[in-house]
Amino acid sequence: MTSVASTVALEVEGLCKSFKAVRALDQVALRLEYGRVTALLGDNGAGKSTLVKCISGVYTPDSGVIKVDGAAQTIASPEAARSLGIETVHQTLAVIDPLDVVENLFLNRELTRGGRLGTWLGVLDKKRMRTESKEILGRLEIRIPSLRRSMSALSGGQRQAVAIGRAAAWGQQIVLLDEPAAALGVEQAARVLDLIRNLRDAGVAVLLITHNMERVTDVCDRAVVLHQGRKAAEVDVSEVTKDDLVAYITGARTGNNDP
Amino acid sequence: MTDSSVAPTSKLAAATQWLDRRRSDAGLRPYVVYLAALLIFALFAIILRDDGFLTANNLLNIGRQATPIAVMAVGMAFALAASEIDLSIGSVCAFSSLVAAAGVANYGFVAGAVIAVVVGAGIGLLNGVIAVKVRIPSFLVTLGMLGIVSGVARNMNNLQSRPIRNDNFFAVFGGGSLGPVSSLLIWTVIVGLIGHLVLHQLRWGRHVLSVGADRSAAAALGINTDRIRITALMASAAAASFAGVLLAGRLAIGRHDLGENLLLTVIAAVVIGGTNLFGGRASVAGAIVGSVVMAMLNNGLILMGLRVSDQLIARGAIIILAVALSMREQKET
């Protein structure tokens with residue numbers, strides 16, 4: 001997005017992460033490109049969420065390199081990830097129920113007013129945040145009945161849309177989505193896929209964790225499959241069948257680890 | 001069109017929408033405390049009409065008693081909002097009255113008050129750092145701190161009260177008044193206003209609520225949850241120590257037990273006022289009205305002629321009942 005020569009947004013090499021005796025990630029490599037959607041597949045416990053949490057600063061990997069725009073980065077905290085342009089929609093959504101939609105969209109990215117004193121105190125510029133929220137949601141075609149509603153008054157689909165909208169608004173470069181359409185109705189899930197396409201078309205590098213093969217073939221360009229903490233395959237989605245993907249996921253087959 | 005409430009066609013429509021929103025998001029909860037205050041006031045006005053409940057003097061007295069409760073309640077609202085609790089506020093308040101007495105004697109009345117509040121905030125900092133860094137629930141840390149601080153306060157002046165001789169101190173923090181308005185009322189309003197603005201207009205207030213509502217979500221969004229929890233406990237301790245300054249100003253002494261027994265009253269005031277005992281929701285205005293309710297109850301029980309022991313029993317029962325009612329209301333939403 002920033003330069004034509006390098007389309008690689010994020011590169012992960014040799015990533016390892018253990019929890020006590022359990023090796024959650026073993027020498028995992030991953031590459032995300034601008035304007036492409038990469039699926040991250042794997043059975044329960046394969047290490048998908050651990051990988052996402054390492055990239056988004058929730059976990060610190062034991063070893064390995066994470067490069068953003070070609071530069072190696074130590075992502076020590078969620079804030080560090082966010083300031084590198086990496087936004088994450090966690091399975092839990094990380095929306096704050098008692099706050100309203102605008103406050104959730106701008107959480108920890110609040111706009112302030114009142115000059116330097118206002119910035120120091122953190123005086124909220126509610127009007128500007130409201131206007132910009134409308135703009136953000138409008139651009140992503142997310143419909144929320146009222147921005148002043150607290151999150152707890154919204155439906156599951158609306159909550160999900162706000163979480164994705166927040167990631168899209170701030171993740172100018174990289175957006176990681178951990179099962180964003182789980183537990184959604186058919187129509188709402190379709191809206192989420194539309195959102196992902198919008199992000200892709202805007203040049204964002206998207207990583208999508210899902211168990212749903214339909215979604216992989218619908219929106220994803222590439223797929224990385226993890227099996228028991230290792231990368232089992234990395235393939236172009238157009239070159240494989242759903243059955244191939246399932247075979248990689250279950251470990252029945254291992255694919256080309258070095259495409 | 002992302003927001004149907006963007007362009008209300010008329011003021012009426014806007015008002016309806018506002019009401020709608022309040023109703024659907026929070027039920028009647030925000031208004032329960034105001035209703036309770038009115039009801040209790042009316043009740044006492046009727047049954048205690050011959051005992052002087054409605055005299056100007058008695059109403060002023062209620063106001064004076066509500067002040068330290070209200071100031072502590074505003075601070076406690078932030079601790080509870082962050083899903084912490086500060087059980088040390090009563091002893092911090094008492095200790096602070098002694099610190100203020102010593103400070104006023106040595107450095108003048110402004111410095112005395114400032115020192116007391118800064119020392120109080122320091123105790124809150126200690127509470128917060130221990131709770132966060134050693135990972136002990138604030139419930140236990142502040143319970144221990146309650147003992148430590150009240151012990152230190154008892155040692156400080158050998159269980160004697162320390163008189164304060166400074167008319168400026170009394171005028172500003174005690175029985176003085178600005179025109180017809182007593183300075184205690186002014187302080188209550190100032191503390192309440194600051195608390196309300198901090199909660200609703202400052203980033204910190206929103207972050208306190210976020211951390212209290214869902215700590216891991218707040219952390220995932222990059223909020224420094226440790227810092228928020230520590231500063232919330234600092235706010236409650238600083239408010240408690242300012243309450244100690246106001247008590248010292250009103251009674252012209254510092255003493256090891258001034259306000260020490262207000263802990264339960266304050267918690268009740270805050271919870272009745274609509275703040276969630278388990279974080280994520282707070283109301284500063286509610287906390288202040290809740291404090292007035294608690295002060296009226298105290299006053300009414302005394303006027304009814306109950307013995308001190310019976311007052312304790314009645315107050316305890318009323319607190320449990322009131323908190324139970326307001327929490328049931330909260331659960332329904």
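The structure displayed is predicted, hence computed values, not measured ones. (Residues numbered from 1 in each chain as written. Chains lettered and ligands numbered in written order. Predicted model: local features only at pLDDT ≥ 70, side-chain atom pairs only at ≥ 80, totals over all residues.)

A. Region of the structure containing the environment of arginine 203 of chain B. Among the secondary structure elements, arginine 203 of chain B is positioned in helix α9 (residues 203-213). Those residues in contact with arginine 203 of chain B, other than ones at most four positions away along the chain, are Glu110, Thr112, Gly122 and Leu124 of chain A. (Helix = DSSP H or I, 4+ residues; strand = E, 2+ residues; numbered from the N terminus. Contact = placed C-beta atoms within 7 Å.)

B. Examining the interface of chain B and chain A more closely. Contact residues are listed per partner, giving 25 residues for chain B and 35 residues for chain A. For the side of chain B that touches chain A, the secondary-structure elements that each account for two or more residues are α1 (11-26), α9 and α10 (215-220) of chain B. If one sorts the elements of the side of chain B that touches chain A by residue count, α9 of chain B sits on top with 6 residues. The class makeup of the residues in the side of chain B that touches chain A is 10 nonpolar, 8 polar and 7 charged. (Nonpolar A, V, L, I, M, F, W, Y, C, P; charged D, E, K, R; others polar.)

C. Structural view of helix α4 (residues 89-107) of chain B. Counting buried residues in α4 of chain B gives 15 out of 19 residues, a clear majority hidden from the surface. Just downstream of α4 of chain B lies glycine 108 of chain B, where phi reads positive at about 95°. (Buried ≥ 20, exposed ≤ 12 C-beta atoms within 10 Å, placed from the backbone.)

D. Spatial organisation of the nonpolar core. Residue and element names in this part refer to chain B. Met72, Ala73, Ala77 and Val266 are the most contacted members of the largest nonpolar core, which has 175 residues in total. For this core, the leading source of residues is helix α11 (residues 225-251), giving 16 residues. Beyond its immediate stretch of four places on either side in the chain, valine 266 contacts Ile69, Met72, Ala73, Met76 and Ile89. (Core = buried A, V, L, I, M, F, W, Y, C linked by C-beta atoms within 7 Å.)

E. Up close: the sheet that holds strand β1 (residues 8-19) of chain A. Residue and element names in this part refer to chain A. Sheet architecture is open: 4 strands sit in the order β2-β1-β4-β5, paired in antiparallel fashion. Each of the sheet's edge strands pairs with one partner strand only, and the pair in question is β2 (22-33) and β5 (71-73). Sheet twist, expressed as the mean angle between neighbouring strand axes with direction ignored, is 25°. Relative to β2, β1 runs antiparallel, the two sharing 8 bridges. (Pairing = 2+ DSSP bridges. Axes fitted to C-alpha atoms, helices over the stretch in contact; angles between N-to-C directions.)

F. Representation of the confidence of the model for chain B in the model. Residues and elements named next belong to chain B. Of all residues in chain B, 89% attain a pLDDT of 70 or more, and the chain-wide mean is 90. In the model, residues 1-8 has pLDDT below 50 throughout and makes 18 contacts with residues more than four positions away in sequence or in other chains. In the predicted complex, the global pTM is 0.88; the interface-specific ipTM is 0.85. (pLDDT = per-residue confidence, 0-100.)

G. Main features of the packing of helix α5 (residues 109-133) of chain B against α11 of chain B. Residues and elements named next belong to chain B. At a closest axis distance of 7 Å, the pairing of α5 and α11 adopts a crossing angle of 145°. In terms of crossing hand, the pair formed by α5 and α11 is right-handed. By residue class, the composition of the contact of α5 with α11 is 18 nonpolar, 7 polar and 2 charged. (Left-handed = near helix turned anticlockwise from the far one by under 90°.)

H. Layout of the pairing of strand β3 (residues 37-42) of chain A. All names here are of chain A. Among the 6 residues of β3, 6 are classified as buried, and the element is accordingly described as predominantly covered. Note: β3 against strand β8 (residues 205-209), 4 bridges, orientation parallel. Each residue of the ladder has a partner; that of valine 37, found in β8, is valine 206. Alignment of β3 against strand β9 (residues 222-227), held across 5 bridges, turns out to be parallel. What sits directly across from alanine 39, in β9, is alanine 223.

I. Region of the structure containing the sheet that holds strand β7 (residues 174-178) of chain A. Residue and element names in this part refer to chain A. One open sheet holds the 6 strands; their spatial order is β6-β7-β8-β3-β9-β10, and the pairing between them is mixed. Since the sheet does not close on itself, it has two edges, and those belong to β6 (86-89) and β10 (230-236), each with one partner. Pairwise comparison of adjacent strand axes, ignoring direction, gives a mean angle of 15° for this sheet. Where β7 and β8 come together, 5 bridges link them in parallel fashion. Note that in β8 the partner of aspartate 178 across the bridge is isoleucine 209. Against the sheet, helix α6 (residues 156-170) makes contact with β6 and β7, and its axis sits at roughly 175° relative to β6, the strand it touches most. Contacting β3, β7 and β8, helix α7 (residues 186-201) crosses the sheet at an angle of about 150° to β8.

J. How the structure looks around unusual backbone geometry. All names here are of chain A. For leucine 93, which is not a glycine, the phi torsion comes out positive at approximately 75°. Mapped onto the elements of the fold, leucine 93 is located in the loop between β6 and α3 (101-105). With 21 C-beta atoms packed within 10 Å, leucine 93 lands in the buried category. In this structure, asparagine 108 is a non-glycine residue whose phi angle is positive, near 65°. Its location among the elements puts asparagine 108 in the loop between α3 and α4 (115-121).

K. View of helix α12 (residues 263-272) of chain B. Residues and elements named next belong to chain B. Buried residues dominate α12, accounting for 9 of its 10 residues. Those residues of α12 that fall on the buried side of the exposure criterion are Leu263, Thr265, Val266, Ile267, Ala268, Ala269, Val270, Val271 and Ile272. Following α12 by one or two positions, glycine 274 has its phi on the positive side, about 100°.

L. Representation of the environment of isoleucine 115 of chain B within the structure. Residue and element names in this part refer to chain B. Assignment of secondary structure puts isoleucine 115 in helix α5. Isoleucine 115 sits in the buried class, given 20 other C-beta atoms within 10 Å. Among all residues touching isoleucine 115, those that are not within four sequence positions of it are Val99, Gly103 and Tyr107.

M. Seen up close, the pairing of β8 of chain A. Across the 5 residues that make up β8 of chain A, a large majority, 5, are buried. The alternating pattern of β8 of chain A places Ala205, Leu207 and Ile209 of chain A and Val206 and Leu208 of chain A on opposite faces, both of which are buried.

N. Representation of the environment of arginine 116 of chain A in the model. Residue position: arginine 116 of chain A is located in helix α4. Once the C-alpha coordinates of arginine 116 of chain A and lysine 48 of chain A are considered, the two residues, 68 residues apart in sequence, prove to be 42 Å apart.

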